Amino acid sequence: QKEVEQDPGPLSVPEGAIVSLNCTYSNSAFQYFMWYRQYSRKGPELLMYTYSSGNKEDGRFTAQVDKSSKYISLFIRDSQPSDSATYLCAMSRGGYSSASKIIFGSGTRLSIRP
Amino acid sequence: EAGVAQSPRYKIIEKRQSVAFWCNPISGHATLYWYQQILGQGPKLLIQFQNNGVVDDSQLPKDRFSAERLKGVDSTLKIQPAKLEDSAVYLCASSTDRGSGELFFGEGSRLTVL
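### A word on the sheet that holds strand S3 (residues 19-24) of chain B
Residue and element names in this part refer to chain B. Here we have 4 strands laid out as an open sheet, ordered S1-S3-S8-S7, and antiparallel in their pairing. Lying at the two open borders of the sheet, with one neighbouring strand each, are strand S1 (5-7) and strand S7 (65-69). On average, each strand axis in the sheet is tilted by 15° relative to the strand beside it, whichever way the strands run. As paired elements, S3 and strand S8 (residues 75-79) share 5 bridges and run antiparallel to each other. Among the inter-strand pairings, tryptophan 22 is bridged to a residue of S8, identified as threonine 76.

### Section: the interface of chain A and chain B
On the chain B side, the residues contacting the 21 residues of chain A number 24 residues. Of the roughly 1,700 Å² buried where chain A meets chain B, counting both sides, 48% is carbon and sulfur surface. Here chain A is connected to chain B by 1 salt bridge. A salt bridge links B:Glu107 to A:Lys42; the nearest nitrogen and oxygen atoms lie 2.7 Å apart. Seen at the junction of chain A and chain B, the total is 4 residue pairs in polar contact (both at pLDDT 80 or more).

### Observations regarding the packing of aromatic side chains
Each aromatic ring pair is characterised by the separation of its centres together with the angle its planes make. Considering all chains together, one arrives at 12 aromatic pairs over all chains under this definition. Geometrically, the ring pair formed by A:Tyr32 and A:Tyr49 is stacked, given 6.0 Å between the ring centres and 25° between the ring planes. Of this pair, A:Tyr32 sits in strand S4 (residues 32-38) while A:Tyr49 sits in strand S5 (residues 45-51), and the two are 17 residues apart along the sequence. Plain terms: the ring middles of A:Phe104 and B:Phe105 are 6.1 Å apart, the flat faces sit at 70° to each other, and that makes the pair edge-to-face. Of this pair, A:Phe104 sits in strand S10 (residues 103-104) while B:Phe105 sits in strand S10 (residues 104-105), on two different chains. Neither residue differs from the other here; A:Phe104 and B:Phe105 are each classed as buried.

### A word on the side chain of A:Asp83
Residues and elements named next belong to chain A. Tracing the backbone shows aspartate 83 in the loop between strand S8 (71-76) and strand S9 (85-92). Taking the relative accessible area as the measure of exposure, aspartate 83 reaches 2% and is therefore buried. When residues no more than four places from it in sequence are discounted, the contact partners of aspartate 83 are Arg37, Arg60, Phe61, Ile76, Leu110 and Ile112.

### Looking at the sheet that holds strand S6 (residues 54-58) of chain A
Residues and elements named next belong to chain A. On the basis of which strands lie adjacent, the open sheet formed by 5 strands has the order S1-S3-S8-S7-S6 and antiparallel pairing. Edge positions in the sheet fall to strand S1 (4-6) and S6, since each has one partner strand and no second. When strand polarity is set aside, the average angle formed by the axes of neighbouring strands in this sheet is 15°. Note that strand S7 (residues 61-66) and S8 share 6 bridges and pair antiparallel. From the neighbouring strand, aspartate 66 faces S8, where its bridge partner is tyrosine 71.

What counts and how
- Residues numbered from 1 in each chain as written.
- Chains lettered and ligands numbered in written order.
- Predicted model: local features only at pLDDT ≥ 70, side-chain atom pairs only at ≥ 80, totals over all residues.
- Heavy atoms only, no water.
- Pairing = 2+ DSSP bridges.
- Helix = DSSP H or I, 4+ residues; strand = E, 2+ residues; numbered from the N terminus.
- Axes fitted to C-alpha atoms, helices over the stretch in contact; angles between N-to-C directions.
- Contact = heavy atoms within 4.5 Å.
- Buried area = accessible area lost by both parts, 1.4 Å probe.
- Salt bridge = Lys/Arg side-chain N within 4 Å of Asp/Glu carboxyl O.
- Polar contact = N/O pair within 3.5 Å; in protein donor to acceptor, adjacent residues only side chain to side chain.
- Phe/Tyr/Trp six-rings, centres within 6.5 Å; stacked < 30°, edge-to-face > 60°.
- Buried < 20%, exposed > 50% of the residue type's maximum accessible area, 1.4 Å probe, protein only.

Next comes the structure, spelled out in structure tokens:
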């Protein structure tokens, strides 16, 4: 069993729709939860970062962490064609450096239709 | 602020040949990472440096891969001899280790092994 599971998609939705992206994980030691966005032929860039459980909102993006279920989500409201990208969830155990041992999901490819 | 620089962007070699990738992290970032991203998968950590020292190289195939970080700044990743399954994008990332868990990625070096 992989430590982090993510549906690869592809997911295609019309512009303006609410998008829900999800990951599950098996290691209860994960404390830091992140979502990265990766455009084609580019490196990933950090979109959202959450420590432990709870919600975090940033503009049109909301990240949720449910540690009891080992489940994290990213919601995109009022989706735009510019949101078309691959979304990678990532998790870390923390320790000496919170950026240590970051493990990525396989990514969900999202396409927003105009 | 200049981002993470990587070169070359693209490289095509035949199996059993050698290749080297170079990375210059963001100025002042103490931690440097090399990730391997195979098509359709999430990035997999190969090696993590903290200044000059290696923090984690547990997933680096040491019989063919080597990496060094010169004077705690630039880094080189070498593959010798290359195998077909090494075809991937090699991503370099750096971070400040201020606890944000944010990695700054370069655009990657795309390797094709024929």
